[in-house]
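In case you want the letters, here they are:
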Amino acid sequence: MATGATGVAEAGAALEITDGFHLLIDALKLNGIGTIYNVPGIPITDLGRYAQAQGMRVISFRHEQNAGFAASVAGFLTKTPGICMTVSAPGFMNGLTALANATTNCWPMILISGSSEREIVDLAQGDYEEMDQLAMARPFCKAAYRLNHAEDIGIAVARAIRSAVSGRPGGVYLDIPGAMLGQTMEAEAGRRSLVKVIDPAPKMRPSPEAIARAMGVLKEAKRPLIVIGKGAAYDQSDDLIRQLVEKTGYPFLPMSMAKGVLPDTHPQCGAAARSMILQESDVVIMMGARINWLLSHGKGKQWGEPGSKKFVQIDIDAEEMDSNVEIAAPLVGDVGSCAAALIEAMDADPVAPPKDWLDRVHAKAEANMQKMSSRLQNNNHPMDYHAALGVLKQAINDRPDTILVNEGANTLDLARSIVNIHKPRHRIDVGTWGVMGIGMGAAIAAAVETGKQVLAVEGDSAFGFCGMEVETICRYKLPVCVVVFNNDGIYRGDGENWGGGDDPATTAFVKNARYDMMMEAFGGVGAWVKTPDELRQAVEAALASGKPTLINAAIDPAAGKESGNIGNLNPSSVVAQALYPQAKKTQG
Ligand code: ADP
Ligand code: TPW
Ligand code: MG
């Protein structure tokens, strides 16, 4: 008999009690959370079972890091914290990387971990999976709380949700001592103890003075630019962003996970003229994008003459302003409210669309795209990245509802610039840290949260960090097609052992590895393809069928570059060139 969350019928009399397990489930459900990304074990095995019995979707993973990545991506996609649930010490630690990554990316997530007996942990008496998890978690998240009493569950969950989504979103840790889950309470008192969070992420409107200041800067602009970041994608005010961009007539540049907020094919998209617009623009509106390493900290050659730019920055977090360069006009608020206020100001006092500038950006973008287009159709043998990505670009153009997940080095950098995205939040990648291993968690979360088809384009190394989750994809029958760009290694597959020994190069993998057979091992579809035509057929079949599929795409081991587009970030050794003749190949 189903017990229901709040009542256990005993000996015919309705003994209305509830317990920590069920209060936690009820608290999550009350706040609109319907999915848990989980790896079972003591003390949370039954929590997962009960959650499933109570109508929640519980997706059990093979490794907590992937469950955590999935939760964080669910948070990005839905503006509701994704929930990752783990066991104590080792499971908790495995989830912690994802929690830290969520915080770094400003994605809301809650890591709920079971923990051992407080009294034993605090006296370091060696409990099962003993660890002071609360203390460990603190530096890696926005907030960390421990729940000692079942009657506090309602308020603790409310606090965790609000901490995760309000202001700048991020990761929150909730520590659940196992004993607490079994505590009982009178059901009615339990119901009353639950808290529904009202307005968890209140709108933050910029002040009229701040808008006037920004308008003053925009009025002077000759070569303006709008940089759209994943904070804007997260905000979901897609219509307002489009209105603002179109009203200004300014070219825009999407950061990687903001591709699709406006379609990459939009006439004002300047992505294909990136170098030129970054260098030559005189006023830049940063919209939910930090001026961090991904934008060379707003300095250096990439940004043209020092002092040649003024920045208007829209961000929910006031502390982000002036983090790297002076911000002439800070707009502290949510993207939607700031965009609406700017639109209103421009309705009253229009800015002139910079036609000549936009024409120049167009011309440059066209020329660059032209140069690229023939490379995308090459038939080189072995297949190179460009030919393979030409096929995937077409596949996404044909099915713009497909969510693209992307990780690797060359696989990431080239796919980001080649594959157009047409809809908001339809590209998920390695984010601010450039973390490898997010791919399968992201693909699973995207499929679960949206019900849409997912295409995960993975470097063979990147895939290795999370590949076991293909079993999860098969088990839950998710519409995920994984394409592994198999170049036999990290960056390239043709590395040598610089000491001349028998061990393989540090960056090389087994040649001709059959990743496709991993998917087949669990009942999914596998394909090993070596030409663009074979790839096209396999992708078509996968996207048309929605079946879990892994396409192992053989890529020329010599086609990639060391570290993809960011080889310049590798530290250099002054003696390497003299010591190792091979260093020339990777270090130029
Ligand atoms: P990207 O990597 O795409 O450049 P970042 O992750 O560096 O983007 O920046 C995202 C920024 O967006 C963060 O500074 C964050 O504070 C901000 N942000 C997050 N949510 C919102 C929101 N709803 N409105 C405004 N800014 C937001
Ligand atoms: C958690 C360092 C950055 S990119 C990469 C590694 C290991 C793999 C690149 O090879 P791949 O792609 O995926 O085969 P390709 O097309 O260039 O061959 N550990 C973590 N994160 C990062 N970023 C690394 C290591 C890294
Ligand atoms: Mg590789």
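Residues numbered from 1 in each chain as written. Chains lettered and ligands numbered in written order. Predicted model: local features only at pLDDT ≥ 70, side-chain atom pairs only at ≥ 80, totals over all residues. Heavy atoms only, no water.

### Brief notes about the overall build of the protein
Then, number 1: Helix and strand content of the protein: 24 helices and 21 strands.
Then, number 2: A principal-axis box enclosing the C-alpha atoms of the protein has dimensions of 80 × 70 × 50 Å.
Then, number 3: A burial count over the protein gives 55% of its 588 residues as buried.
Then, number 4: A sequence separation of at least 24 residues applies to 76% of the contacts in the protein between residues at least 6 apart. (Helix = DSSP H or I, 4+ residues; strand = E, 2+ residues; numbered from the N terminus. Buried < 20%, exposed > 50% of the residue type's maximum accessible area, 1.4 Å probe, protein only. Contact = heavy atoms within 4.5 Å.)

### Description of the sheet that holds strand S5 (residues 57–60)
Then, number 1: Strand order across the open sheet formed by six strands is S5-S4-S6-S7-S9-S8, with parallel pairing between neighbours. Edge positions in the open sheet fall to S5 and strand S8 (143–146), since each of these has one partner strand only. Strand-to-strand twist across the sheet, computed as the mean angle between neighbouring axes with direction ignored, equals 20°.
Then, number 2: As paired elements, strand S6 (residues 82–86) and strand S7 (residues 109–115) share five bridges and run parallel to each other. Residue Gly 82 lies in a different strand from S7, and its bridge partner there is Met 109.
Then, number 3: Contacts from helix H4 (residues 89–105) reach S6, S7 and strand S9 (171–177) within the one sheet, and its direction differs from that of S7 by about 165°.
Then, number 4: Each of strand S4 (35–38) and S5 is contacted by helix H18 (residues 439–450), which is oriented at about 160° to S4, the strand it contacts most. (Pairing = 2+ DSSP bridges. Axes fitted to C-alpha atoms, helices over the stretch in contact; angles between N-to-C directions.)

### Quick look at the side chain of His 426
Then, number 1: On the secondary structure map, His 426 appears in the loop between helix H17 (410–418) and strand S17 (427–429).
Then, number 2: Using a relative accessible area of 7% as the deciding quantity, one classes His 426 as buried.
Then, number 3: Looking at His 426, its side chain comes within polar contact range of the main-chain oxygen of Asp 401, at 3.5 Å.
Then, number 4: Not counting the four nearest positions on each side in its chain, His 426 is found in contact with Pro 400, Asp 401, Thr 402, Ile 403, Leu 404, Ile 421 and Lys 452. (Polar contact = N/O pair within 3.5 Å; in protein donor to acceptor, adjacent residues only side chain to side chain.)

### Section: the site of ligand 2
Then, number 1: Residues in contact with ligand 2 amount to 17 residues; listed here are only the nearest, Tyr 385, Asn 410, Thr 411, Gly 434 and Asp 460.
Then, number 2: One nitrogen or oxygen atom from the main chain of Gly 434 is found 2.7 Å from a nitrogen atom belonging to ligand 2.
Then, number 3: Here Gly 489 contributes a backbone N or O atom positioned 3.0 Å from an oxygen atom of ligand 2.
Then, number 4: Within the complex, 76% of the 590 Å² of free accessible area of ligand 2 lies under protein.
Then, number 5: Within the residue set of the shell around ligand 2, elements represented by two or more residues are H17 and helix H19 (460–464).
Then, number 6: At three residues, H19 tops the list of elements feeding residues into the shell around ligand 2. (Near = heavy atom within 4 Å. Areas by Shrake-Rupley, 256 points an atom, 1.4 Å probe, with all protein chains shown as cover.)

### A look at the sheet that holds strand S19 (residues 480–486)
Then, number 1: Pairing in this open sheet of six strands is parallel, and the strands run S17-S16-S18-S19-S21-S20 from one edge to the other. Every interior strand has two partners, whereas the edge strands, S17 and strand S20 (525–529), have only one. Mean inter-strand twist for the sheet, computed between neighbouring axes without regard to direction, equals 15°.
Then, number 2: Sheet topology note: the S20/strand S21 (residues 549–554) ladder contains five bridges and is parallel. From the neighbouring strand, Ala 527 faces S21, where its bridge partner is Ile 551.
Then, number 3: Strand contacts of H17: strand S16 (403–407), S17, strand S18 (454–459) and S19, with the helix running at about 140° to S16, the strand carrying the most contacts.

### Brief notes about the pairing of strand S15 (residues 329–332)
Then, number 1: Across the two faces of S15 the burial differs, with Ala 329 and Leu 331 buried and Pro 330 and Val 332 not buried at all.
Then, number 2: By the bridge criterion, four bridges tie strand S14 (residues 310–315) to S15 in an arrangement that is parallel. Its bridge partner being in S15, Gln 313 is matched across the sheet by Pro 330.

### Some details on the coordination of the magnesium ion (ligand 3)
Then, number 1: For the magnesium ion (ligand 3), the protein coordination sphere consists of Asp 460 (OD), Asn 487 (OD1) and Gly 489 (O), at 2.0 to 2.1 Å.
Then, number 2: Residue Asp 460 is classed as buried on the basis of its relative accessible area of 3%. (Donors = N, O, S within 2.8 Å, 3.2 Å for Na, K, Ca; no water.)

### Observations regarding the pairing of S16
Then, number 1: Among the five residues that make up S16, five are buried, leaving the element largely enclosed by the rest of the structure.
Then, number 2: A two-sided burial pattern is seen for S16, the buried positions comprising Ile 403, Val 405 and Glu 407 on one face and Leu 404 and Asn 406 on the other.
Then, number 3: Sheet topology note: the S16/S18 ladder contains five bridges and is parallel. Looking at the pairing, Asn 406 lines up with Val 457 of S18.
Then, number 4: Inspection of the sheet shows S16 paired to S17 by three bridges, in the parallel sense. Its bridge partner being in S17, Val 405 is matched across the sheet by Ile 428.
Then, number 5: You can see the chain leave S16, run along H17 and come back into S17, and the turn it takes is right-handed. (Right-handed = clockwise from strand over helix to strand, strands pointing away.)

### Considerations on the domain arrangement of the protein
Then, number 1: With domains assigned, the protein is organised as domain 1 (8–193), domain 2 (208–363) and domain 3 (377–586).
Then, number 2: A C-alpha centroid distance of 38 Å is found between domain 1 and domain 2.
Then, number 3: With 14 residues of domain 1 at the contact, the number on the domain 2 side is eleven residues.
Then, number 4: Together domain 1 and domain 2 conceal approximately 1000 Å² of surface at their shared face, both sides included; 54% is due to carbon and sulfur atoms.
Then, number 5: Of all residues in domain 1, Phe 76, Lys 79 and Arg 168 bury the most surface against domain 2, accounting for 60% of the area lost on that side.
Then, number 6: Between domain 1 and domain 2 we count three salt bridges in total.
Then, number 7: Where Glu 320 meets Arg 168, a salt bridge forms, and the shortest distance between an N and an O atom there is 2.8 Å.
Then, number 8: Remark: the boundary between domain 1 and domain 2 carries six residue pairs in polar contact (both at pLDDT 80 or more).
Then, number 9: Listing elements by their share of the side of domain 1 that touches domain 2, those giving two or more residues are helix H3 (64–78) and H4.
Then, number 10: In terms of residue count, H3 provides more of the side of domain 1 that touches domain 2 than any other element does, four residues in total.
Then, number 11: A class-by-class count of the residues in the side of domain 1 that touches domain 2 yields seven nonpolar, five polar and two charged. (Domains from an automatic or database assignment. Buried area = accessible area lost by both parts, 1.4 Å probe. Salt bridge = Lys/Arg side-chain N within 4 Å of Asp/Glu carboxyl O. Nonpolar A, V, L, I, M, F, W, Y, C, P; charged D, E, K, R; others polar.)

### Some thoughts on H17
Turn by turn, an α-helix covers 3.6 residues, leaving residues three or four places apart pointing in a common direction.
Then, number 1: Across the nine residues of H17, seven count as buried, placing the element largely inside the fold.
Then, number 2: What H17 keeps buried is the set Asn 410, Thr 411, Leu 412, Asp 413, Leu 414, Ala 415 and Ile 418.
Then, number 3: Residues of H17 that are buried make contact with helix H15 (355–376), helix H16 (385–398), S16, S17, S18 and S19.

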